[in-house]
Amino acid sequence: MRSRSYTWLLALVLLLTAALALRGIGAQSLWFDEGWSAYGAAQPDLAAAAASDATNPPLYYMLLHVTARLWGDSELGLRVVSVFAGLLSIALAARWLCEGWGRSTALLGAAALATLPLWWWAMREARMYTLLALLALLAVYAFGQLRRGPSRRAWALLIFAELAALYTHNTGPVVIVWLNA
């Protein structure tokens, strides 16, 4: 597959996914767990947002607090972070697959991820699940780069991804242990 065709097809997958994910995203009201996200986003400052949920790490709530200042605290404004992290995850998965198995596999993988029902659910929730997935994929990608040849950039990317995952969700440590096993 030629590079130009691959780029256009991947862009088409991402644009179609974005359009479908954003379609009607604000129509459904927030449910209980998303209420915690809304509460964190509505805090007056980053420190209060970080402390808004004693049962989860603070990074997602801090990010949501910042993005709510740009997008508002409506259902759309709160869920757009998950959509954006989901789209970045699809693009990163495609890049990782392309480097290891070629463009055709990368497109197939991107399309498969973009059509998974569980992925659609996660992308349309004002929760940290797609952000955790993005960080796990980033760590896997960095690890792959390190296997090809150690570099400061790959080490920095791996350390960033793993630390951010630890501060994103309670299962972050499990993901990091699994990635490092």
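On a predicted model such as this, the values are computed, not experimentally measured, just so you know. (Residues numbered from 1 in each chain as written. Predicted model: local features only at pLDDT ≥ 70, side-chain atom pairs only at ≥ 80, totals over all residues. Heavy atoms only, no water.)

Caption draft 1: A look at the side chain of S52. Residue placement: S52 occurs in the loop between α3 (46–50) and α4 (59–71). Residue contacts for S52: discarding those within four places in its chain leaves W36, Y39, G40, Q43 and Y61. (Helix = DSSP H or I, 4+ residues; strand = E, 2+ residues; numbered from the N terminus. Contact = heavy atoms within 4.5 Å.)

Caption draft 2: Structural detail: α4. A rise of 1.5 Å per residue sets the reference length of α4, with its 13 residues, at 18 Å; its end C-alpha atoms lie 18 Å apart and thus fit the reference within 8%. All of the buried residues in α4 are Y60, Y61, L64, H65, T67 and A68. Tucked into the core, α4 has its buried residues touching α2 (32–41), α3, α5 (75–101) and α8 (129–148). Remark: G72 follows α4 within two positions and exhibits a positive phi of approximately 90°. (Expected span 1.5 Å × (residues − 1). Buried < 20%, exposed > 50% of the residue type's maximum accessible area, 1.4 Å probe, protein only.)

Caption draft 3: Spatial organisation of the layout of surface pockets. Of the voids in this model, the largest pocket is the one considered here, and its volume is about 350 Å³. Around the largest pocket, the lining is made up of 16 residues, and of these W96, V140, F143, G144 and R147 lie nearest the centre. Elements with a contribution of two residues or more to the lining of the largest pocket: α5, α8, α9 (152–166) and α10 (172–180). Broken down by element, the lining of the largest pocket gets its largest block of residues, seven residues, from α8. Lining the second largest pocket are 13 residues, with T67, V80, V81, F84 and A85 positioned closest to its centre. Secondary-structure elements contributing two or more residues to the lining of the second largest pocket are α4, α5 and α8. Ranked by residue count, the leading element in the lining of the second largest pocket is α5, at seven residues. Each residue belonging to the lining of the second largest pocket can be placed in one class, and the counts come to 12 nonpolar, one polar and no charged. (1 Å grid on protein atoms, 1.4 Å probe; cavity = no way out; pocket = protein on both sides within 12 Å on 5 of 7 lines; lining within 4 Å. Points joined across faces, edges and corners; volume = space filled by probe spheres on them. Nonpolar A, V, L, I, M, F, W, Y, C, P; charged D, E, K, R; others polar.)

Caption draft 4: Geometry of the packing of aromatic side chains. Using the criterion set out here, one finds four aromatic pairs in the structure. Note on W36 and Y39: the rings are 6.3 Å apart at their centroids and 90° apart in plane angle, and the pair reads as edge-to-face. Of the two residues, W36 and Y39 are both situated in helix α2; the distance of three residues between them amounts to about one turn of the helix. Judged by relative accessible area, Y39 falls into the partly exposed class, the value being 46%. Judged by centre distance (5.8 Å) and plane angle (75°), the ring pair of Y60 and Y61 falls under edge-to-face. Residue Y60 is classed as buried on the basis of its relative accessible area of 1%. (Phe/Tyr/Trp six-rings, centres within 6.5 Å; stacked < 30°, edge-to-face > 60°.)

Caption draft 5: Region of interest: a nonpolar patch on the surface. On the surface, a cluster of nonpolar side chains totalling about 710 Å² of accessible area is made up of W31, F32, W36, Y39, L118 and W121. Considering each element in turn, the nonpolar patch owes the most residues, three residues, to α2. Here W31 lies in the loop between α1 (3–22) and α2. (Patch = residues over 30% accessible without salt bridge, like charges linked within 9 Å, V, L, I, M, F, W, Y side chains within 5 Å. Areas by Shrake-Rupley, 256 points an atom, 1.4 Å probe, with all protein chains shown as cover. Salt bridge = Lys/Arg side-chain N within 4 Å of Asp/Glu carboxyl O.)

Caption draft 6: Spotlight on the pattern of salt bridges. Evaluated as defined, the whole model comprises three salt bridges. The shortest N-O distance in the salt bridge between E34 and R79 comes to 2.9 Å. A residue pair is termed long-range when its members are at least 10 positions apart, and E34 in helix α2 and R79 in helix α5 qualify at 45 residues. Note that R95 and E99 form a salt bridge whose closest N and O atoms lie 3.2 Å from each other. One end of the pair is R95 and the other is E99, both in helix α5 and four residues apart, which spans about a single turn. Judged by relative accessible area, E99 falls into the partly exposed class, the value being 33%. Salt bridges sharing common partners tie together R95, E99 and R148.

Caption draft 7: Looking closely at the packing of α4 against α5. For the pair α4 and α5, interaxial distance at closest approach is 9 Å and the crossing angle is 125°. Regarding the angle of α4 to α5, the classification is oblique. Crossing hand, α4 versus α5: right-handed. Residues Y60, L63, L64, T67 and W71 of α4 touch α5, and the partners they reach there are G77, L78, V80, V81 and S82. Of the residues assigned to the contact of α4 with α5, the class counts are seven nonpolar, three polar and no charged. (Axes fitted to C-alpha atoms, helices over the stretch in contact; angles between N-to-C directions. Parallel < 35°, antiparallel > 145°, perpendicular 65-115°, else oblique. Left-handed = near helix turned anticlockwise from the far one by under 90°.)

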